Amino acid sequence: MPTREQLLWMYERLTLIREFEERLKWLVETGVPVGAVHYYTGQEACAVGVCAALQPSDWIASTHRGHGHCIAKGVEVHRMMAELYGKSTGSNRGKGGSMHITDARVGMLGVNPIVGMGATHAVGAALSAKVRKTQQVAASFFGEGAAGIGAVHEAMNLAAIWKLPVLFVCENNGYAQSTPVEYALSVPHIADRAAAYSMPGVTVDGQDVMAVWEAAVAAVERARAGQGPSLIECITYRYYGHHQGDDTHRYRTKEEEEVARGRDCIRTFREHLLELGAAQQQELDAIDAVNRKKMDEAVAFAESSPLPKPADLFTDVYVADPDGERE
Amino acid sequence: MNTAAVRELSFGQAINEAIRQEMRRDPTIVVLGEDVAGGAGRAHLGLVDAWGGPLRATRGLITEFGPERILDTPIAEMGFLGAGVGAAMSGLRPIVEIMFVDLIGCCYDQIMNQAAKMHYMMGGQVDLPLVIRTAYGTRGGDNRTYGGGAGAQHSQTLYAVLAHIPGLKVVVPSTAYNAKGLTIAAIRDNGPVIVLEHKFLGLRAKGPVPEEAYTVPIGRAQIIRKGRDVTLCGIGRMTHICSEAAESLLGEGIDAEVVDVLTLSPLDEDTILESVSRTHRLVVVDEDTPTASMARDIAARVADKGFDNLDAPIKTVTAPDTPVPFAAVLEALYTPGVAQVVSAVHSLFGTGA
């Protein structure tokens, strides 16, 4: 059972992710040019449940739908928002955008829109932890669409044969862009694939942050004990389209969407906290209010930040050489 | 100062020594690749170090550094190169071997979308100290009893598709000396560097190599033979072809200068332009196919920035726009040789057959 402090942290992160995406959606719809974005709304329990089981020094590698992973791992929302605005104060100095948000200081190795590649990078980070004997673990988030790509399978095999401390976290939201999972997957559950790599595989309710957290805690324990990787499949649902311009009703029904929204991870967790007596209504309302204020400030920060300078086009093409000289 | 003759090493031995010396110096260096040691996991049978890569450049490393740092991988270029990228972002300095450059199709995303762009698209916050070593090239017209004859998918010179990607440094050593120095420079670089090692340099590349660690700077070409009449610009094995052509041309009174390009990206334009400003003629010799190639890139840059110094059109000597053929007679025809370089020079002077 998480501590009360952990429970409140989970609530705060879940709602901050929701607030971030809702604010972003509003900005997009009012014509603010924030580039291509993929809303995480609906899937918040997956990122938060896993990151609640990690330490700040642990690593995560993300997908194209990465805002939630960033916030769950501790990337500051004002730096994320400034990045989306293409400002020099952004997490990537305006050189990355939504699909490349990175903050190595908090163990966030990158939002990565080349599907499945993050899994190989998480394996590399885990290899680094093993060689340097640091006890860190790495979590790889990927979608059920990525379960079809070879890189993910190569990553799983490497992690298994080298017994690397990796969590493979599959967020099965049912759709790879518009392709339904039942069409594209050869097995009933992605977790079934774990057997092929001699690792434990579990399927959990990805709308239940407690269920995700429990599975992640077990996988992290196993990883830190040197017993190798685990696969966690989280059954979840994205509320909006694949990206900001996608009309979901061309490939899924309104009825299906209503059923999914009926199991909203934030509402159910809030009810759970109140039933448990872990928090009072006012306390949770206060967290909501702080998050709204944080997002007001994040947008104001992004809007008032300076644009990159023309010379920035040419910086950081190469890494500074050993003498500290830049190109 | 030790005045004794410097010992001679082969190309592969020089690279092996570079990696070994750097691994002793820096415990974060690891080697990953298929059969970089070979026979993985058979130490209990007294079997270690079965292979060591196509040039044997990693042979013997496992006995000194162990399987924790010399990591034989399954056949999974996308996976283990990606692991190299992730490890480079998180505290290691991996040297990843892609056995042959022909195999980059299996891991190109890790090279061109991941390694090359990480530092830039992450706003400079992440270093990527990654070395990718890979073997390239045909057996050419050399009479060989072993090796070569590997056909269209194991003989290519695919460096233009690497040099094209901003953010990658691409080096092509030509001798044991510069192979050791460029490999050490690549390992010490904090960004991704690809080292292309010709499979069949053989005796041409064998030569004196200092025992101590040293670097050959990335991004600098080298004038390896001074001449007045024409600049022959060579890459990797072709540098030797240029030198042999220069020797032949001297017999007929043409004094050729030879530039060893050494780094394809970032290209040392200045050295090439300076040479052409003195010789007023340029022949670029490249083992790669010509369309969208380094040969034509170098020619275009010199045409753009050195046109006033040219007394004749720039010539390129390259492989043809065909796959690499298998039959030895065709492979020899495919690979640029001394005769073609001499003929190209003749065309600049209006002499010869």
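It should be emphasised that the depicted structure is a prediction, and the values quoted were computed from it without experimental measurement.

### Re the overall build of chain B
Regarding its fold elements, chain B presents 12 helices and 14 strands. Against the globule reference of 20 Å for 353 residues, chain B gives a C-alpha radius of gyration of 20 Å, in line with a compact fold. Taken over the C-alpha atoms alone, chain B extends approximately 65 × 50 × 50 Å along its principal axes. Put simply, chain B has 353 residues, and 55% of those count as buried. Across chain B, the fraction of contacts at a sequence separation of at least 24, relative to all contacts at a separation of at least 6, is 76%.

### Side note on the domain arrangement of chain B
Residue and element names in this part refer to chain B. Its domain assignment divides chain B into domain 1 (8-208) and domain 2 (222-349). On a C-alpha basis, the centres of domain 1 and domain 2 stand 27 Å from each other. Contacts between the two partners involve 27 residues from domain 1 and, on the opposite side, 25 residues from domain 2. Considering every element that reaches the side of domain 1 that touches domain 2, the biggest residue donor is strand β6 (residues 169-171), with 3 residues.

### What to know about the interface of chain B and chain A
Counting residues at the interface gives 38 residues for chain B, matched by 36 residues for chain A. Put simply, the parts of the chain that give the side of chain B that touches chain A at least two residues each are α3 (77-89), α4 (108-115) and α5 (118-121) of chain B. No other element matches α3(B), which puts 10 residues into the side of chain B that touches chain A. Its residues placed into classes, the side of chain B that touches chain A shows 16 nonpolar, 15 polar and 7 charged.

### Structural notes on the pairing of strand β10 (residues 230-234) of chain B
Residues and elements named next belong to chain B. Buried residues dominate β10, accounting for 5 of its 5 residues. Where β10 lies against strand β11 (residues 256-260), 5 bridges are found, and the strand directions are parallel. Directly across from Leu 232, in β11, lies its bridge partner Val 258. Considered for its hand, the β-α-β crossover made up of β10, helix α8 (residues 237-250) and β11 is right-handed.

### Focus on the sheet that holds β11(B)
Residues and elements named next belong to chain B. In space, the 5 strands of this open sheet follow the order β9-β11-β10-β13-β14, with mixed pairing throughout. Whereas interior strands pair on both sides, the edge strands pair on one side only; in this sheet they are β9 (222-225) and β14 (315-318). When strand polarity is set aside, the average angle formed by the axes of neighbouring strands in this sheet is 25°. Bridge count between β9 and β11: 3 bridges; the pairing is antiparallel. Opposite Arg 225, over in β11, you have Val 258 as the bridge partner. Each of β10, β11, β13 (282-286) and β14 is contacted by helix α12 (residues 338-349), which is oriented at about 165° to β14, the strand it contacts most.

### A look at helix α4 (residues 77-84) of chain A
Each full turn of the α-helix corresponds to 3.6 residues, which orients residues three or four apart in the same direction. All names here are of chain A. Among the 8 residues in α4, 8 count as buried, and that is most of the element. Within α4, the full set of buried residues consists of Val 77, His 78, Arg 79, Met 80, Met 81, Ala 82, Glu 83 and Leu 84. Within two residues after α4, Gly 86 carries a phi angle of roughly 70°, on the positive side.

### Some words on the environment of B:His119
Note that B:His119 resides in helix α5. In this structure, the C-alpha to C-alpha distance between B:His119 and B:Gly167, residues 48 residues apart in sequence, is 8.1 Å. Every residue in contact with B:His119, bar those within four places of it in the chain, is listed here: A:Asp316, A:Val319, B:Gly124, B:Val126, B:Asp127, B:Leu128, B:Gly167 and B:Gly191.

### Some points on the environment of A:Gln244
Residue and element names in this part refer to chain A. Relative to the elements of secondary structure, Gln 244 occurs in the loop between β7 (230-235) and α9 (254-261). Taking C-alpha positions, Gln 244 is 21 Å from Gly 116, a pair spaced 128 residues apart along the chain. Sequence-distant contacts of Gln 244, defined by excluding residues within four places in its chain, comprise Val 28 and Val 37.

### Description of the nonpolar core
Counting 209 residues, the largest nonpolar core has A:Val50, A:Val123, A:Ala126, A:Leu167, B:Leu232 and B:Val341 as its most contacted members. Setting aside anything within four residues of it in sequence, one finds A:Val123 in contact with A:Ala155, A:Leu158, A:Ala159, A:Leu164, A:Val166, B:Ala83 and B:Gly86.

### Regarding the packing of α4(A) against helix α11 (residues 281-304) of chain A
All names here are of chain A. Across the interface, α4 lies against α11 with an axial gap of 8 Å and an inter-helix angle of 40°. Taken together, α4 and α11 sit at an angle that is classed as oblique. Like other packed secondary-structure pairs, α4 and α11 cross with a definite hand, here right-handed. When α4 is examined against α11, the residues Val 77, His 78, Met 81 and Ala 82 are found in contact with a partner set consisting of Lys 294, Met 295, Glu 297, Ala 298, Val 299, Phe 301 and Ala 302. Considered class by class, the residues forming the contact of α4 with α11 number 8 nonpolar, 1 polar and 2 charged.

### Side note on the sheet that holds strand β1 (residues 59-61) of chain A
Residues and elements named next belong to chain A. In space, the 5 strands of this open sheet follow the order β1-β2-β3-β7-β6, with parallel pairing throughout. Where the open sheet ends on each side, the last strands, each with one partner, are β1 and β6 (201-205). Between one strand and the next, the sheet's axes are offset by a mean angle of 20°, whatever the strand orientation. Pairing of strand β3 (residues 166-172) with β7, which is carried by 6 bridges, proceeds in the parallel orientation. Looking across to β7, one finds that Asn 172 is bridged to Ile 235. Together, β1, β2 (138-143), β3 and β7 form the strand contacts of helix α2 (residues 44-51), whose direction differs from that of β3 by roughly 165°.

How each quantity is defined
- Residues numbered from 1 in each chain as written.
- Chains lettered and ligands numbered in written order.
- Predicted model: local features only at pLDDT ≥ 70, side-chain atom pairs only at ≥ 80, totals over all residues.
- Helix = DSSP H or I, 4+ residues; strand = E, 2+ residues; numbered from the N terminus.
- Rg over C-alpha atoms; globule rule 2.2 N^0.38 Å.
- Buried ≥ 20, exposed ≤ 12 C-beta atoms within 10 Å, placed from the backbone.
- Contact = placed C-beta atoms within 7 Å.
- Domains from an automatic or database assignment.
- Nonpolar A, V, L, I, M, F, W, Y, C, P; charged D, E, K, R; others polar.
- Pairing = 2+ DSSP bridges.
- Right-handed = clockwise from strand over helix to strand, strands pointing away.
- Axes fitted to C-alpha atoms, helices over the stretch in contact; angles between N-to-C directions.
- Core = buried A, V, L, I, M, F, W, Y, C linked by C-beta atoms within 7 Å.
- Parallel < 35°, antiparallel > 145°, perpendicular 65-115°, else oblique.
- Left-handed = near helix turned anticlockwise from the far one by under 90°.

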